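Commentary on secondary and tertiary structure
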Amino acid sequence: MTVNTVLTSPMTSSNSMSSGYCSLDDECEDFSFFTAKTSFFFKPRPAPKNETKEEEARGTKDLSEEEVRTRIKAYNAQVTENGMKLASDGSYTGFIKVHLRLSRPVTVPAVDLSGSEGGHNRAPSEDQEGTDCEQSENRTSFYIPRECVKQLHISSLTTTREVIQGLLTKFMVLDNPRKFALYRQTHRDGQDLFQKLPLPERPLLLRLIAGPDPQQLSFVLKENETGEVEWHAFSVPELQNFLVILEKEEAERVRAVEQKYAMYRQKLQQALQQHDP
C-alpha cells in the first residue's frame, strides 16, 4: 500500500488504518547498526550524554551548488517519474518513500456512530505531555499495517523531525512524536542495516546522495527505542492493551511449563512402575 503526500509544511493525502492485535515482541533499534531482534523490554547499551547531544546537532554536510546540480541531473536520468527539481534559490524538491513498520498500536481519534471524530485530528507536539483519562475517552487504538508505504513530496530543507510530525498528522496519530523515529535502511552483504536519523537531518539530501535505488537507501518509521520504556508517554488504551498482551503471554508460558513438567512426571511414574516387583 503506497500513499502519496506533499510535505513542505502542510500535507494533504488520504490514509487508511486497520485495528488488530499487537505482540510485545518487536525489533529493537538504537542509532547504531543492528540486525538482531529482541524483546519489548530490551536494555541496549546506554550512549554517553555528550554523544547523544552531538548526534542531535549533527547532520549530513551540505553539497555545493555545482554538486547539487550534477547529482540532480544524474538522479533524474535514473528515474522515469518523480524526479527532483532545482529551485532558483538553490533548494530542491523531490520524493521519498517511508515504510511504516510499527509493532505497537497507535492512538487515533475515536469515531462515533454518526461518523464524526472525537478529539483532535492532529498529532501532539513534542512538548505535549501524556493524555489524561478524560481525553482517552475520545481515543482508540489502531494497528497500522506493517507493509504500509507513504510517499512524501518534500524539499531539501525538510528535516527528519518534520517528516515524523507530518506522517503522524496525516495518519491522525495522537501519540507523542518522541515515541517514533525515522531510520535509514541499507542493504549490505545480504543483511538489512538500520541507523536512526538525527532530528535535524534532511532526508531528501540523503536520497540525492544515495540515488534512487532503494537497496542503497530507504526510510523506515519505527518506534523510538531509547533503552528505557517511557510509560507516561503511552495513552490509557495502549497501556490496557499491553496488560492484555502480557496476560496472554503469561498464560501461554504457564501452560508450556505445566505441560513440560507433566511429561517429566509421567515418564518418572512409568520408570517407577517398571522397577516395582
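Residues numbered from 1 in each chain as written. Predicted model: local features only at pLDDT ≥ 70, side-chain atom pairs only at ≥ 80, totals over all residues. Heavy atoms only, no water.

**Looking at the nonpolar core**
If you look at the biggest cluster of nonpolar residues, it comprises 32 residues, and the most contacted ones within it are Tyr92, Val98, Phe180, Leu208, Phe219 and Leu221. Those elements that provide at least two residues to this core are helix H2 (65-77), strand E3 (92-100), strand E4 (106-111), strand E7 (148-155), helix H4 (160-170), strand E8 (180-188), helix H5 (203-210) and strand E10 (218-223). Beyond its immediate sequence surroundings of up to four residues, Phe180 is in contact with Leu102, Val106, Ile164, Leu168, Val173, Asp175, Leu221, Lys222, Glu223 and Asn224. (Core = buried A, V, L, I, M, F, W, Y, C linked by side-chain atoms within 4.5 Å. Buried < 20%, exposed > 50% of the residue type's maximum accessible area, 1.4 Å probe, protein only. Helix = DSSP H or I, 4+ residues; strand = E, 2+ residues; numbered from the N terminus. Contact = heavy atoms within 4.5 Å.)

**Focus: H4**
Three or more residues of H4 are buried, namely Thr160, Val163, Ile164, Gly166, Leu167, Leu168 and Lys170. Following H4 by one or two positions, Met172 has its phi on the positive side, about 60 degrees.

**A word on the packing of aromatic side chains**
What the rule picks out here adds up to one aromatic pair. Seen from their ring centres, Tyr261 and Tyr264 are 5.8 Å apart, and the 90 degrees between their planes marks the pair as edge-to-face. In this pair, Tyr261 and Tyr264 are both assigned in helix H6 (residues 236-275), three residues apart and thus about one turn of the helix distant. Since its relative accessible area comes to 45%, Tyr261 is described here as partly exposed. (Phe/Tyr/Trp six-rings, centres within 6.5 Å; stacked < 30°, edge-to-face > 60°.)

Nothing here speaks to function; it is all geometry.
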